[in-house]
Amino acid sequence: MELIMNQNMDFLLYEKGESFLLNGVSQRGLFIEVKDKISFYDDIILTSKIPFETGDSISYQDSNWLVISQVQNNHDADVSIYRSRIRKCNYDVNFNFDGLVKTFPTIIEGKVFDVQSGQYIMLPTGKILVTIQENPDTLAMIINQRFIKMGSAWKVIGIDRSKRGLIILSADLDPFAADDDKIKEIANVVLYTVAFSDTAPIEVNIGSTYQTTIIMQKDGTSVTFPSTYSSSAANIMSVDANGLLIANMEGSAVITVAKSDNPSVSATINVTAKINHVPVVANTISPQTTSMLQTETVNYSVYQYVDSVANSDTFTITASGPTTTYYILTIVDGNHFNIYNKQYTTTKLVVTCTNNRDASSTSISITLKGLW
Amino acid sequence: MNDNVLILGNNPNNIPLKTISGDFQEYDTAIIIGSYTFNITKRIFTDYIESLIDMNGYLKIEDSVYKILHIINYSDYQELWLYLLNRQSAVV
């Protein structure tokens, strides 16, 4: 007894179905090997309840397959059942789009099916056909584009886009070029680099901006190419399309610049947004002794303090007021001096310390008293 | 007619919709669906026409789940050909 397949599809999918990925989405379908004619291809008729398009990518049993045609549903008019012929991709091929290498599962053939004779015939030596999925990436293929596969370099000499969903490339054997990477199977390797020329980390005060600079090269020669900036924490440090940093709040971030059409060509730099700090600077004489008894000596020091920390600035120390009859000023060094009170005077002694670096000054006014 | 038959409806993962009695027997035939051949190892007779049973249905008998692949309706009873699911672990 024989039952109609479509009427039992739910049961068949449950009991005999296998999991596969259709364009990356998990599905369940029936996989039946094609036995309609002798073929060296691993063709399978895939039946499922989801629609297929020629060129769809199937991942099944750890291999990539391409939907090479949609099969007419000839059992009945049940439009909820879909069948397609899928063919196993025998090679992954790297195509180099000006430095951006993309890998596509392909069906490479050295033979073609001759409709008139009903047989497969060998292509001339040094010629192959490469079938790939039609998508925005593969549509960028051009004549003379090269690739490396099966230990040889190949050059595309023809592009057949007549089969919707699929692109068939005709390729001829081509001599290896100096910039071919035979190991990684990448033809015409192009090395793009980008780097920040700023010194890291870049510190920017909150509310301020900073223009970064980058160096772009192609095979070691300076070039320019469209690049895209991004920040790991735009709330801390945002960056515009031209690499201008804007510090928003205190913290750290990583700025990345990448080649727009190939983000793997990129560089990063650490940046810090910090609060704008105005240091407190003061020239200070200590002790603040402003009155001395006769015969008394006071040792003073003078330093410039930045945020309460003394720096190494030195001072020129001068005195004015009474004559040296009344005191002795001894300058020890650029930061130390002492005063000896020889005798009483009503004129105040003013000692002025002038910073030798920035010419800022401070002074102290001292009363020279008598013996009591 | 003393075998318990759980009617699961149209999904083998359903909880039983109804329990009925039937005469569960060994059987040996095959049904072909497309390129697949399903061995029928069991059949069951019910002593009336059960409205919940149809060609999309599944039954659970003696802790095993079967797919109904053929129904013969007689005047006041019915005969069901049963295929033992391979995917028992998913439903039992």
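What you see is a predicted model, and the numbers here were worked out from it, not measured in a lab.

Caption draft 1: Layout of the interface of chain A and chain B. On the side of chain B, 24 residues touch chain A, which itself brings 16 residues to the contact. For the pairing of chain A and chain B, the buried interface totals around 1,700 Å² over both sides, and the portion due to carbon and sulfur atoms is 62%. Of all residues in chain A, A:Met1, A:Phe11 and A:Tyr14 bury the most surface against chain B, accounting for 43% of the area lost on that side. Our count for the chain A to chain B interface comes out at zero salt bridges. Scanning the region where chain A abuts chain B turns up three residue pairs in polar contact (both at pLDDT 80 or more).

Caption draft 2: Local environment of the sheet that holds strand β17 (residues 202–205) of chain A. All names here are of chain A. Here four strands make up an open sheet; going across it, the order is β17-β25-β24-β21 and the pairing mixed. What marks the edges here is a single partner per strand, and that holds for β17 and β21 (227–231). Shown here is a sheet whose adjacent strand axes are inclined to one another by a mean of 30 degrees, direction ignored. Direction of pairing for strand β24 (residues 251–259) relative to strand β25 (residues 262–274): antiparallel, over a ladder of nine bridges. Looking across to β25, one finds that Ala-258 is bridged to Ser-266.

Caption draft 3: Representation of unusual backbone geometry. Residue and element names in this part refer to chain A. That bond from Ala-200 to Pro-201 is cis: its omega, -10 degrees, falls within 30 degrees of zero. Residue position: Pro-201 is located in the loop between β16 (192–196) and β17. The omega torsion across Ser-286 and Pro-287 is 0 degrees, close enough to zero to call that bond cis. Mapped onto the elements of the fold, Pro-287 is located in the loop between β26 (281–286) and β27 (291–292). The phi dihedral of Thr-295 is positive, around 75 degrees, even though this residue is not glycine. Looking at where Thr-295 falls in the secondary structure, it is placed in the loop between β27 and β28 (297–306). A relative accessible area of 46% places Thr-295 in the partly exposed class. Positive phi, close to 70 degrees, is recorded for Ser-308, a residue that is not glycine. Relative to the helices and strands, Ser-308 is located in the loop between β28 and β29 (309–310).

Caption draft 4: Looking closely at the sheet that holds β16(A). All names here are of chain A. Spatial ordering of the open sheet is given by β16-β19-β20, a layout of three strands whose pairing is antiparallel. This sheet does not close on itself; its edge strands, each paired only once, are β16 and β20 (221–222). Strand direction decides the pairing type here: strand β19 (residues 214–218) and β20, joined by two bridges, are antiparallel. Bridge assignment links Lys-218 to a residue of β20, and that residue is Thr-221.

Caption draft 5: View of the environment of A:Asn96. All names here are of chain A. Among the structural elements, Asn-96 can be located in strand β8 (residues 91–97). On the accessibility criterion, Asn-96 (12% relative accessible area) is buried. Distance from Asn-96 to Val-190, taken between C-alpha atoms, is 8.6 Å for residues 94 residues apart in sequence. Asn-96 has contacts with Val-101, Gln-145, Ile-186, Ala-187, Asn-188, Val-189 and Val-190, leaving out every residue within four places of it along the chain.

Cut-offs and rules
Within each chain, residues carry numbers counting from 1 in the order of the written sequence. Going through the entries in the order they are written, you letter the chains from A and number the ligands from 1. Local features are withheld for residues below a pLDDT of 70 in this predicted model, meaning they are given only at 70 or higher, and side-chain atom pairs are given and counted only at 80 or more; totals for whole chains, interfaces and linings count all residues. Only hydrogens and water are removed before side-chain values are computed, so all heavy atoms of the structure are retained for them. Should any heavy atoms of two residues lie within 4.5 Å, those residues are counted as being in contact. Accessible area that two parts lose when put together, evaluated with a 1.4 Å probe and summed over both, is termed the buried area. Between Lys or Arg on one side and Asp or Glu on the other, a salt bridge is scored when a side-chain nitrogen of the former is within 4 Å of a carboxyl oxygen of the latter. Polar contacts here mean pairs of N or O atoms no more than 3.5 Å apart (in protein, one a potential hydrogen donor and the other a potential acceptor; neighbouring residues in sequence count only if both atoms are side-chain atoms). Strands are labelled as partners when DSSP assigns at least two bridges between them. By definition, any uninterrupted DSSP run of H or I lasting at least four residues is a helix, any uninterrupted run of E lasting at least two residues is a strand, and each is numbered from the N terminus. Lines fitted to C-alpha atoms define the axes here, with helix axes fitted over just the stretch in contact, and angles between the N-to-C directions of these axes take values from 0 to 180 degrees. Each residue gets one of three labels from its accessible area relative to the maximum for its type: buried under 20%, exposed over 50%, partly exposed in between, using a 1.4 Å probe on protein chains only.

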